[in-house]
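# Descriptive analysis of the structure
The primary structure of each chain is shown beneath.
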Amino acid sequence: MTAPTLAQRPSKALLLGLVVSGLLALITLAVMLVAGGPVGFGLSMLLAFAPLPVLLAAVLSLDRLEPEPKLHLAFAFAWGAGVAIVLGIALTFVGQEWVKIGYGSAVAESIGTVYLAPVIEEALKGAALLLLLRRRQEIDNLTDGIVYASMAGLGFAAVENVGYYLLAFGADGPGAAIQLFVVRGLIDPLGHPIYTSLIGLGVAYAITRRTTFRYAMIPLGYLGAVFLHALWNGAASTGSLAWLGGAYLVIMATLVALVVVTVNERRHLVGKMSLYLPIYQHTGLISDADVRMLTTLPARKAARKWARRAGLGRAMSDYQQAATELTILHLRAERRELDPVRFAVERDAYLGVMAQARRW
């Protein structure tokens, strides 16, 4: 008998999308290297990617209770860095050329920055979420939508920033690139993830709710993303600190709202664990102590630390994830997404993982 597992076999379409997106990102960076030279490109890469580990950690920390599959996260990041960047540049260029015919270069540049770029780029970044709709079981709550959208935004921002820093370096030297880094890399490093997170919210709401107009949240989320993106670009183009500060406050308020959503969902999930996990105490796989351990993040972390010292680190991680997935399975059943047979199969699989992992 095959041992139960939490992992799912990745689809061919997902792997193909990851490979194509990754190649496009590498080709884009290679073009920048040739165009800007090794010194400017090296500095631009350093400035663009140095903050990335901290930003990735911040995004992934939102989903600590039920981490998303690494391959899906990699796909979202690569999509933003590859497909969204390449098509975004191409479509914005075409749009600006069309505007230039009737209104001249200055107007075309302004329209491209304030209107075309937000409309096109948010549609392309958000497309990663629409592609993940085919694997609906990976988006269990609003937090998942925020995390996937943020990964696409981070991928897009990383490659885009290389280009911007390289242009600044070519125009005015390393000082200009570093000055731009202060704005894009330190003051507003989460711009793209925040914009696209509104699309992620819309997609996740459509998947996890059963209201009549739930799919209307997808275009509403897209319009919100475009608004925030256009607000920042427009404020930056004015050169006014007042406008820039106002736009920044709006974006930061949106970030706070997104964090509140994730915190509330975490509390909801923990509450549901306290409700559903005790049902399985008769199996011997869940005790009162296990429920207390599973329902707070500090207790989960302390349990993993103890398990690592005892040589059971992987087992504890599998046990915690399976228990969390079991709770989410019940939530999906609450939303009437599962027939009884499928529910029983998935429930038994998670219980099997817990039985295999629980050695304490």
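Higher on the page you've got the structure.
Because the structure is predicted, anything quoted here is derived from the model rather than measured.

Enumeration according to the criterion identifies four aromatic pairs in this entry. Pairing F75 with W79 gives two aromatic rings, centres 5.9 Å apart and planes at 50°, and the pair type is tilted. Here the residue F75 and the residue W79 both occupy positions in helix α4 (residues 70-103), the gap between them amounting to four residues, near one helical turn. Among the residues examined, F75 registers a relative accessible area of 4% and is labelled buried. Here Y165 and F181 contribute two aromatic rings whose centre-to-centre distance is 6.2 Å and whose plane-to-plane angle is 70°, an arrangement assigned as edge-to-face.

On to a nonpolar patch on the surface. Among the surface-exposed residues, V19, L23, L26, I27 and V31 lie close enough to one another that they form a single nonpolar patch of about 480 Å² accessible area. Within the secondary structure, V31 is located in helix α1 (residues 12-36).

Once that is clear, we can look at the pattern of salt bridges. One pass over the full model with this rule turns up nine salt bridges. Put simply, R358 and D290 hold a salt bridge, and the shortest N to O gap is 2.7 Å. Remark: D290 occurs in helix α11 (residues 288-294) and R358 occurs in the segment after α14 (340-357); sequence separation between them is 68 residues. Note on R358: relative accessible area 23%, which makes it partly exposed. Under the relative-accessibility criterion, D290 is labelled buried at 5%.

The subject of this paragraph is α14. Taking 1.5 Å as the rise per residue, α14 with 18 residues should run 26 Å; its terminal C-alpha atoms sit 26 Å apart, in good agreement. Along α14, the positions that sit buried rather than exposed are F343, E346, Y350, L351, V353, M354 and A357. Looking straight down α14, one finds that the buried residues subtend no more than 155° of arc, so they occupy a single side. In α14, the exposed positions angled more than 90 degrees off the buried face are occupied by P340, V341 and V345. Where α14 is buried, its residues contact α13 (313-334). Measuring from the backbone nitrogen of V341 back to the side-chain oxygen at the start of α14 gives 3.0 Å, which picks out D339 as the cap.

So, about the side chain of D144. Relative to the helices and strands, D144 resides in helix α6 (residues 142-172). Those residues in contact with D144 that sit more than four places away from it in its chain are D63, E66, E68, E138 and I139.

Note on placement: K125 falls in helix α5 (residues 105-132). Classification of K125 by relative accessible area gives buried; the value is 0%. One polar contact links K125 to H192, side chain to side chain, over a distance of 2.7 Å. Once residues lying within four places of it in the same chain are set aside, the contact partners of K125 are W79, A84, A152, G153, F156, H192, Y195 and T196.

Before going further, it helps to spend a moment on the nonpolar core. Ranked by internal contacts, the top residues of the largest apolar core, which has 63 residues, are M32, W79, I139, Y148, L154 and V203. It is α6 that provides the largest number of residues to this core, a total of 16 residues. Apart from the residues lying within four places of it in its own chain, the contact partners of M32 are G37, F41, V159, V162, G163 and L166. Residues L294, A303, L312 and L326 belong to the second largest nonpolar core, which totals 31 residues.

Another point: a positive patch on the surface. Positive charge collects at one region of the surface, where R64, K301, K305, R308 and R309 lie side by side. Along the chain, the position of K301 falls in helix α12 (residues 297-309).

Cut-off values and rules
Residues numbered from 1 in each chain as written. Predicted model: local features only at pLDDT ≥ 70, side-chain atom pairs only at ≥ 80, totals over all residues. Heavy atoms only, no water. Phe/Tyr/Trp six-rings, centres within 6.5 Å; stacked < 30°, edge-to-face > 60°. Helix = DSSP H or I, 4+ residues; strand = E, 2+ residues; numbered from the N terminus. Buried < 20%, exposed > 50% of the residue type's maximum accessible area, 1.4 Å probe, protein only. Patch = residues over 30% accessible without salt bridge, like charges linked within 9 Å, V, L, I, M, F, W, Y side chains within 5 Å. Areas by Shrake-Rupley, 256 points an atom, 1.4 Å probe, with all protein chains shown as cover. Salt bridge = Lys/Arg side-chain N within 4 Å of Asp/Glu carboxyl O. Expected span 1.5 Å × (residues − 1). Arc of directions from axis to C-beta. Contact = heavy atoms within 4.5 Å. Polar contact = N/O pair within 3.5 Å; in protein donor to acceptor, adjacent residues only side chain to side chain. Core = buried A, V, L, I, M, F, W, Y, C linked by side-chain atoms within 4.5 Å. Lys, Arg positive; Asp, Glu negative; His and termini not counted. Charge placed at Lys NZ, Arg CZ, Asp CG, Glu CD.

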